[in-house]
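Summary of the model geometry
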Amino acid sequence: MGKIDGFQQLDAWQEAHAQKELLAQAETVGKILNGLIASTERRRAAPLIPTPYSILPNPHPLLRGGNMQPKLITLTINGRTHQVALRPNVTLLHALRDLGYTDVKNGCEKGDCGACAVLLNGRAVNSCLVLAWQADGAEITTAAGLGTVDRPHPIQEALADSGGVQCGFCIPGIVVSAKALLDRNPNPTEEEIREAISGNLCRCTGYTLIVEGIRRIIESKNQ
Ligand code: FES
Ligand code: FES
């Protein structure tokens, strides 16, 4: 009987110990939950702090420039005039794409790839390295302003015919660079062609067919 009492006491002790453990765990979980609820309420009550532009991958135009004051500027793009209020740190690349000129490609945003090239008053520039304010009053021409699918520019046609277009991402920038080259030098050598497009990265073609396409335009003009 005494032995059975001992087992019963042990069971009772174990049960009490288990309950105590459970109560302690429940208390810990309760504290964590209360902490979470309190922090959620604090966050809801706190004023909204705008996220800095630099850490947003593709920020909304309204967030670009933080508290800097916008200025009304005039951009003439492919012959069409736009008046837009932009903050000083908006690049020409972002302004163009926000206005719908998505043929201007956004590759690197740091001047490495040439995908964003446009003609600014006839000169090829990387629009990611130009502030929109710097283009105030200037004439901007994008690849789509040179030619369209229905009415391609001879450079676009020659690149397509030569097989120099694969995925096509680099092509608007290459068309712009080639146009700037041929405008200032109608008879460039192969070396000059390669130099003119050296700022345009193409991950597909190996450049040979692109250079071939540009050479075809020169040859057809000289015939
Ligand atoms: S996006 Fe401008 S050079 Fe790459
Ligand atoms: S054709 Fe694909 S990057 Fe040039």
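This one's a predicted model, so the numbers in the text were calculated from it and none came from an experiment.

The rules we used
Residue positions within a chain follow its written sequence, with the count starting from 1. Chains carry letters and ligands carry numbers; both start at the beginning, A for chains and 1 for ligands, and go up in the order they are written. With the structure being a predicted model, the display of local features is reserved for residues of pLDDT at least 70 and the display and counting of side-chain atom pairs for 80 or more, all residues being used for whole-chain, interface and lining totals. Two strands are said to pair when DSSP picks up at least two bridges between them. A helix here means a DSSP run of H or I that spans at least four residues, while a strand means a run of E at least two residues long, and both kinds are numbered starting from the N terminus. Comment: axis = line fitted to C-alpha atoms, over the contacting stretch for helices; angle = value between 0 and 180 degrees taken between N-to-C directions. Note on angle classes: values under 35 degrees are labelled roughly parallel, values over 145 roughly antiparallel, values of 65 to 115 roughly perpendicular, and the remainder oblique. Note: crossing handedness is left-handed where the near helix turns anticlockwise from the far helix by less than a right angle, and right-handed where it turns clockwise. Each residue is represented by a C-beta atom placed from its backbone, and any two residues with such atoms within 7 Å are regarded as in contact. Backbone-placed C-beta atoms define the burial measure: a residue is buried with 20 or more other C-beta atoms within 10 Å of its own, exposed with 12 or fewer, and partly exposed in between. Only Asp, Glu, Lys and Arg are considered charged in this grouping, and only Ala, Val, Leu, Ile, Met, Phe, Trp, Tyr, Cys and Pro are considered nonpolar; every other residue, Gly among them, is considered polar.

In terms of strand pairing, strand S1 (residues 71-77) meets strand S2 (residues 80-86) through 7 bridges, oriented antiparallel. What sits directly across from Leu-75, in S2, is His-82. Hairpin connection, S1 to S2: the antiparallel pair is bridged by 2 residues, and Asn-78 has positive phi, about 50°. Sheet analysis places S1 next to strand S5 (residues 139-141), joined by 2 bridges and oriented parallel. Bridging from a neighbouring strand, Ile-77 pairs with Ile-140 of S5.

What follows is about the sheet that holds strand S3 (residues 117-120). The strand order S2-S1-S5-S3-S4 describes an open sheet built from 5 strands, whose pairing is mixed. The open sheet has two edge strands with one neighbour each: S2 and strand S4 (123-126). Neighbour-to-neighbour, the strand axes of this sheet turn through a mean angle of 40°, independent of strand direction. Alignment of S3 against S5, held across 2 bridges, turns out to be antiparallel. Among the inter-strand pairings, Leu-120 is bridged to a residue of S5, identified as Ile-140.

A few words on unusual backbone geometry. Note on backbone geometry: most residues besides glycine have negative phi, and most peptide bonds are trans. Of note, the phi angle at Asn-121 is positive, near 50°, even though the residue is not glycine. Along the chain, Asn-121 falls in the loop between S3 and S4.

The N-to-C vectors of helix H4 (residues 154-162) and helix H7 (residues 208-222) enclose an angle of 130°; their axes lie 8 Å apart at closest approach. Between H4 and H7, the angle is such that the two are oblique. In this structure, H4 crosses over H7, and the sense of that crossing is right-handed. Mapping the contact onto sequence places Pro-154, Ile-155, Ala-158, Leu-159, Asp-161 and Ser-162 in H4 and Leu-209, Ile-210, Glu-212, Gly-213, Ile-214, Arg-216 and Ile-217 in H7.

You can see Leu-181 is positioned in helix H5 (residues 171-184). The partly exposed category is assigned to Leu-181, around which 19 C-beta atoms lie within 10 Å. In the structure, Leu-181 is positioned 57 residues away from Ala-124 in sequence and 8.7 Å away in space, judged by C-alpha atoms. Setting aside anything within four residues of it in sequence, one finds Leu-181 in contact with Pro-188, Ile-193 and Ala-196.

So, about the packing of H4 against H5. Contact pair H4 / H5: the axes reach a minimum separation of 10 Å and the direction vectors enclose 125°. One finds that H4 runs oblique with respect to H5. H4 and H5 meet at a crossing whose hand is right-handed. Contacts from Ile-155, Gln-156 and Leu-159 of H4 reach H5 at Ile-171, Val-175, Ala-178 and Lys-179. Per-class residue counts for the contact of H4 with H5 are 5 nonpolar, 1 polar and 1 charged.

When S3 meets S4, the two strands line up antiparallel, connected through 4 bridges. Considered in S4, the bridge of Leu-119 is made with Ala-124. The turn joining S3 and S4, which pair antiparallel and follow one another in sequence, is formed by 2 residues; a positive phi near 50° is taken by Asn-121.

Purely geometric numbers; function is a separate question.
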